[in-house]
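Coordinate inspection notes
Chain residues, written in single-letter form:
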Amino acid sequence: MENITHFLGRFHPLIVHLPIGILLMAGILQLIALKSKKYANALDPAIGLTLLWGAISSVGAVGIGWLLSLQGGYDEATLFWHKWLGIVVTIIAFAGWLIRSDKIKMKNSVFYMVLTAIIALVSITGHLGG
């Protein structure tokens, strides 16, 4: 079982780039929607979808990252923050999707703050992991 854990854990650096790219794409799409009002209505569903898939794929990245952390050899403080910030990114990404898809009713300004937090936390978490 330990060999499988080690094997799968080593895929974290590869897998983690999927949610990073998808979540950053949600931010880019939102910026385009804000800059060009004629695309805003068309991009809203895409923004929600990218947040959903970013959140789902981040669950996989967190799981594989946890397997990698079991191998040891990492600075404990950095690993602690990287691990928990990754979990927070996942939770906030799901919250962003819930807000964007109107499953939770909130003002657009709240969504923009959530999306900004996602982008900032992805950057910080990625830096700690690198």
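Residues numbered from 1 in each chain as written. Predicted model: local features only at pLDDT ≥ 70, side-chain atom pairs only at ≥ 80, totals over all residues. Heavy atoms only, no water.

Observations concerning the side chain of T125
As for its position among the elements, T125 is in helix α6 (residues 108–129). With a relative accessible area of 8%, T125 lands in the buried category. If we ignore the near neighbours within four places in the chain, the residues touching T125 are H82, L85, G86 and V89. (Helix = DSSP H or I, 4+ residues; strand = E, 2+ residues; numbered from the N terminus. Buried < 20%, exposed > 50% of the residue type's maximum accessible area, 1.4 Å probe, protein only. Contact = heavy atoms within 4.5 Å.)

Things to note about helix α4 (residues 37–69)
Taking 1.5 Å of rise per residue, 33 residues should cover 48 Å, and α4 covers 44 Å from first to last C-alpha, within 8% of that figure. Its maximal kink placed at L43, α4 deviates by approximately 50°, while the proline P45 follows within four residues. (Expected span 1.5 Å × (residues − 1). Bend = angle between axes of the 7 residues up to and from the residue.)

Regarding the environment of K103
With respect to the helices, strands and loops of the structure, K103 is situated in the loop between α5 (76–100) and α6. When the C-alpha positions of K103 and V114 are compared, they lie 15 Å apart, and in sequence the two are eleven residues distant. For K103, the residues in contact, after removing those within four places along its chain, are W97 and L98.

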